[in-house]
Amino acid sequence: MTAVPEATELDGSGRVAQPRQLIVTVYGLYSRTEGGWLSVASLIDLLAAVGVDEPAVRSSISRLKRRGILEAVRRGTTAGYELSNDAREILREGDERIFRRGRATAADGWLLAVFSVPETERHKRHLLRTQLARMGFGTAASGVWIAPAHLHAATAEALTRLGLAGYADLFRADHLAFGDVRAKVRDWWDLDRLDELYTTFLDEHGPALRRWQRRKSVAGEEAFADYVRVLTGWRRMPYLDPGLPAEFLPRDWSGIRAADLFFELHAQLENPARAYVAKSISFG
């Protein structure tokens, strides 16, 4: 499985959530305790609650299978699919990032990634750039990529898994002199684009939070649908914004408000959504 499908399917990087991204969210949330497996019938029933019809589910499953994310497995007479080993590992890595509440601070320092790839293997240069970009690295200079230092372990794991560790060096660093780091962060990352994406997330999922704040009781199917939608919308954001220190960001940074919204909905909907799934489907 290449880095491009990983970015597209497994971190939800499409602008509008596609059925296949919703399916990956459902697998990530509810199948891994069962070895990564869900029956086709159960998946169709669950996605119906999110507004995805059966033909779209079947088509999306086929695409995920072709991309090496799902594998067809029967349990007895029941047809189903399970996550591939690579997909399980990517989702495991993603859990820490997606559900990580805190941001880096200036005192934490930075992670620098420097790589050198022979011209005869320039395809790996593209793969390295793609992987670092999808992990949220900014570009500090030609061939020098930068991210908050807390990403060092995840970066090392990802590059090792993709067979790219031999082409890169990772360094911890501090900015010691020359220039305003706040201004440099704006050069290293496209903060205007990030602000647009966070604002869109707030617009799309803010109504759900306000609706649930008015409720005295929780409807399981509706909680499940809203939870899958908000998690699918959120899980790409920590890859685009790698937890940049708040002191280097604009005042009233939309990313902080978006994180507050996500974690409020997560706290309110996670348990009723899981209870709905437990009552609604059989894992075989």
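A brief look at the structure comes next. Since this is a predicted model, take the numbers as computed values, not measurements.

The topology assignment puts T199 in helix α9 (residues 191-214). Along the backbone, T199 and A258 are 59 residues apart, and their C-alpha atoms lie at a distance of 7.6 Å.

Right, let's talk about the side chain of S31 for a bit. Note that S31 resides in the loop between α2 (19-30) and β1 (37-39). The buried category is assigned to S31, whose relative accessible area is 0%. Side-chain polar atoms of S31 contact the backbone oxygen of Y27, separated by 2.7 Å.

Pairing is antiparallel in the open sheet, where four strands are placed in the order β5-β6-β4-β7. Across the chains shown, the open sheet's two edge strands, defined by having one partner strand only, are β5 (138-141) and β7 (168-173). Sheet twist, expressed as the mean angle between neighbouring strand axes with direction ignored, is 35 degrees. Here six bridges tie strand β4 (residues 110-115) to β7, and the two strands are oriented antiparallel to one another. Its bridge partner lying in β7, W110 is registered against A173. Along the sheet, helix α7 (residues 152-161) contacts β4 and β7; its crossing angle with β7, the most-contacted strand, is approximately 180 degrees.

A few words now on the pattern of salt bridges. Inspection of every chain in the model, using the stated rule, returns 16 salt bridges. Salt-bridge contacts for R103 lead to D241; the nearest nitrogen and oxygen are separated by 2.7 Å. Of this pair, R103 sits in the loop between α5 (85-98) and β4 while D241 sits in the loop between α11 (237-240) and α12 (254-280), and the two are 138 residues apart along the sequence. Among the charged side chains, a network of salt bridges with common partners joins R211, R215, E222, D226 and R229.

With 13 residues, helix α6 (residues 122-134) should reach 18 Å at 1.5 Å per residue; the first-to-last C-alpha distance of 19 Å fits that figure. One or two positions beyond α6, positive phi appears at G136, with a value near 100 degrees.

What follows concerns the nonpolar core. With 65 residues, the main nonpolar core has V26, L43, L47, W110, V185, F224 and W234 as its most contacted residues. Here this core takes 10 residues from α12, the largest share from any one element. A113, F115, M135 and L164 belong to the second largest nonpolar core, which has 17 residues in total.

Another point: the packing of aromatic side chains. Enumeration over the complete set of coordinates arrives at 13 aromatic pairs. Aromatic side chains Y198 and W234 sit 6.4 Å apart centroid to centroid with 40 degrees between the ring planes, which places their arrangement in the tilted category. Here Y198, found in helix α9, pairs with W234, found in helix α10 (residues 220-234); they are 36 residues apart in sequence, far enough to count as distant. Geometrically, the ring pair formed by F224 and Y276 is tilted, given 5.5 Å between the ring centres and 35 degrees between the ring planes. A residue pair is termed long-range when its members are at least 10 positions apart, and F224 in helix α10 and Y276 in helix α12 qualify at 52 residues. The exposure classification of F224 matches that of Y276, with both residues buried. Chaining the aromatic ring pairs together yields one cluster made of F99, Y198, F201, W234, W253, F262 and F263. The ring of Y239 carries the charged tip of R97 above its face, separated from the ring centre by 4.8 Å. One Lys or Arg, R215, reaches over the ring of W212 and ends 4.9 Å from the middle of that ring.

About the cut-offs
Residues numbered from 1 in each chain as written. Predicted model: local features only at pLDDT ≥ 70, side-chain atom pairs only at ≥ 80, totals over all residues. Heavy atoms only, no water. Helix = DSSP H or I, 4+ residues; strand = E, 2+ residues; numbered from the N terminus. Buried < 20%, exposed > 50% of the residue type's maximum accessible area, 1.4 Å probe, protein only. Polar contact = N/O pair within 3.5 Å; in protein donor to acceptor, adjacent residues only side chain to side chain. Pairing = 2+ DSSP bridges. Axes fitted to C-alpha atoms, helices over the stretch in contact; angles between N-to-C directions. Contact = heavy atoms within 4.5 Å. Salt bridge = Lys/Arg side-chain N within 4 Å of Asp/Glu carboxyl O. Expected span 1.5 Å × (residues − 1). Core = buried A, V, L, I, M, F, W, Y, C linked by side-chain atoms within 4.5 Å. Phe/Tyr/Trp six-rings, centres within 6.5 Å; stacked < 30°, edge-to-face > 60°. Lys NZ or Arg CZ within 6 Å of the ring centre and 35° of its normal.

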